[in-house]
2 protein chains.
Amino acid sequence: MQKLVAVDLAKSYRLLNHGPTVLVSSAHDGQQNVMAAAWAMPLDFAPPKVLVVVDKATHTRQLMEGSGEFVLNIPCRAQAEQVLRAGSCSGKEVDKFAACGLTALPGEAVNAPHVAGCIAYLECRIISEPHNQQQYDLFIGEVLAARADADVWHDGHWNFSGHDTKRSLHYIAGGSFYSIGEQFSVSASLQD
Amino acid sequence: MQKLVAVDLAKSYRLLNHGPTVLVSSAHDGQQNVMAAAWAMPLDFAPPKVLVVVDKATHTRQLMEGSGEFVLNIPCRAQAEQVLRAGSCSGKEVDKFAACGLTALPGEAVNAPHVAGCIAYLECRIISEPHNQQQYDLFIGEVLAARADADVWHDGHWNFSGHDTKRSLHYIAGGSFYSIGEQFSVSASLQD
């Protein structure tokens, strides 16, 4: 049984800071959907905000604009096939959760579901910016709640050591992913 | 001697798709600067566009707004200390390139320099969006030219195998980085 712990909102940017591929989940008017997105990142610390690019042609876009909400889920190595499927078909035609082998779980701060088995999720409400949404397919979300997997999130930091199947995914193209590698630290002493 | 090859603009998004930390380089009115940024990502394929968040307090911001240009450089494992330094002092007070142990090289499509030893760079002109810049510190750039290190960029894809010191960096906080890990591929056949 996966244990998800609450993430301090002031540190929730760290969930996305290393650039993982995400699953965007959404719900509106009795429908729900999930899509893969490589273009998501933090935008601000306090209140925490995120950016995500969602094309006009997607079913997710309709649900996001209808509800004013979305969830960014961070999938892991064990879910790579499901993530690729979620990027390869449309929720307009099929039940994406079922088609991708993913399970929707009820949200806390939003009505949009989050995705079972992901190593973190950020529940967001859309800050309406019609020009960005129309011109660039760009959405800004304020993070209302966030949780992460207790196996790989400790004291406000990722730690994937010993949990290779829970490493974050970093998509390139054509079914090709990277998993995140090794952690290391350096100090910032200036040169003489 | 590092060999940099031209990157097809239509595939330049792949340089950033896996979420690396970047160095933003800029120049204006006889000054040049470099800063670290974890918040950068692709925005569009054609013409290729990128996003980067640059705080109002930074010297880089002044140079970007003055010149209408910037370069996103992708640093590597061998440069982690320099990257952390570039995120730890201001170019208002010191020559950041010298203070960080980094070398500026002349640009091709822009006047802003790029950073020697980085594994790729994207030369960008700013698409003016004053509301985004003022409200969110968010800049949109159109990619005019891009190059990548021939050791790790082949046929439009990253391949870091055998070049661990050239793996991309993914910053978290407090001097803690991840390097990108292993590449793998999956297929997207839908479930029955």
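Please refer to the structure higher up on the page.
Within any chain, residue numbers begin from 1 and follow the written order of that chain's sequence. Labels are handed out in written order, letters beginning with A for the chains and numbers beginning with 1 for the ligands. At least 70 in pLDDT is required for a residue's local features to be given in this predicted model, at least 80 for side-chain atom pairs to be given and counted, and no such filter applies to totals for whole chains, interfaces and linings, which use all residues. Side-chain calculation: all heavy atoms of the structure are included, whereas hydrogens and water are not.

(A) Region of interest: the state of the cysteines. Any pair of cysteine sulfurs within 2.5 Å is marked as a disulfide. Taken as a whole, this structure holds zero disulfides over all chains when the rule is applied. C100 of chain A takes part in no disulfide bond, and the closest cysteine sulfur to it belongs to C89 of chain A, at a distance of 4.5 Å. Here C100 of chain A falls in the buried class, since its relative accessible area comes to 0%. With no disulfide of its own, C124 of chain B lies 14 Å from the sulfur of C118 of chain B, the closest cysteine sulfur. Exposure is judged per residue with a 1.4 Å probe applied to protein chains only, and the accessible area is read against the type maximum: over 50% gives exposed, under 20% gives buried, and values in between give partly exposed.

(B) The arrangement of the pattern of salt bridges in detail. In what follows, salt bridge is the name for a side-chain nitrogen of Lys or Arg lying within 4 Å of a carboxyl oxygen of Asp or Glu. According to the stated counting rule, one finds 22 salt bridges over all chains in the structure shown. Where salt bridges share partners, they join K56, R61, E65 and D137 of chain A into one cluster.

(C) Seen up close, the pairing of strand β10 (residues 138-149) of chain B. Residue and element names in this part refer to chain B. Runs of H or I in DSSP of at least four residues are treated as helices and runs of E of at least two as strands, each being numbered from the N terminus. Of all 12 residues that make up β10, 10 are buried, and the element is covered over most of its length. As judged from the three bridges shared by strand β1 (residues 4-6) and β10, these two strands associate in the antiparallel manner. Bridging across to β10, L4 finds its partner in D149. One requirement defines pairing of two strands: DSSP has to find at least two bridges between them. When strand β9 (residues 120-127) meets β10, the two strands line up antiparallel, connected through eight bridges. Within β10, the residue paired with R125 across the bridge is E142.

(D) Representation of the nonpolar core in the model. Residues enter a nonpolar core if they are buried and are Ala, Val, Leu, Ile, Met, Phe, Trp, Tyr or Cys, with the set joined through side-chain atoms within 4.5 Å. In this structure, W158 of chain A together with W158 of chain B are the most contacted members of the largest nonpolar core, which totals 88 residues. In this structure W158 of chain A touches R14, L15, H18, I74, I119, A120, V152 and W153 of chain A together with I172 and Y178 of chain B, once residues within four positions along its chain are discounted. Note on contacts: a residue pair qualifies if any of its non-hydrogen atoms lie within 4.5 Å across the two residues.

(E) Representation of unusual backbone geometry within the structure. For the bond running from A46 of chain A to P47 of chain A, omega is -10°, close enough to zero to count as cis. Secondary-structure assignment places P47 of chain A in the loop between β4 (40-44) and β5 (49-53). The phi dihedral of D137 of chain B is positive, around 60°, even though this residue is not glycine. Judged by its relative accessible area of 14%, D137 of chain B is buried. One non-glycine residue, D155 of chain B, adopts positive backbone phi at about 50°. The topology assignment puts D155 of chain B in the loop between β11 (153-154) and β12 (157-158). Owing to a relative accessible area of 74%, D155 of chain B belongs among the exposed residues under this scheme.

(F) Here's a closer look at the relation of the copies chain B and chain A. For these two chains of identical sequence, chain B goes onto chain A by a turn of 180° and a shift of 0.0 Å along the axis, with RMSD 0.0 Å. Interpreted geometrically, this transformation is the action of a two-fold axis. Comparing contact sets, 100% of the residues at the interface of chain B also lie at the interface in chain A, consistent with an isologous, same-surface contact. All copies are superposed by least squares; the fitting set is the C-alpha atoms of residues with a pLDDT of at least 70 in both.

(G) Helix α2 (residues 59-67) of chain B, seen in detail. For α2 of chain B, the full list of buried residues reads H59, T60, R61, L63 and M64 of chain B. Directly after α2 of chain B, the chain includes G68 of chain B, whose backbone phi takes a positive value near 75°.

(H) Spatial organisation of the packing of aromatic side chains. Only the six-membered ring of Trp is used, alongside the rings of Phe and Tyr, when aromatic pairs are assigned; centres must lie within 6.5 Å, and planes under 30 degrees apart are stacked while those over 60 apart are edge-to-face, with the rest tilted. Applying the stated rule across the entire model yields 16 aromatic pairs over all chains. Between F184 of chain A and F177 of chain B, the ring centres sit 5.5 Å apart and the planes meet at 10°, which makes this aromatic pair stacked. With one member in each of two chains, F184 of chain A in strand β14 (residues 176-185) and F177 of chain B in strand β14 (residues 176-185) form a pair that bridges those chains. Each member of the pair F184 of chain A and F177 of chain B is classed as buried. Taken together, the ring pairs in this structure connect W153, W158 and F160 of chain A together with Y178 of chain B into an aromatic cluster. Seen from the ring of F184 of chain B, R77 of chain A lies directly overhead, with NZ or CZ sitting 3.5 Å from the centre. In this scheme, Lys NZ or Arg CZ marks a charge over a ring once it lies within 6 Å of the ring centre and within 35 degrees of the ring normal.

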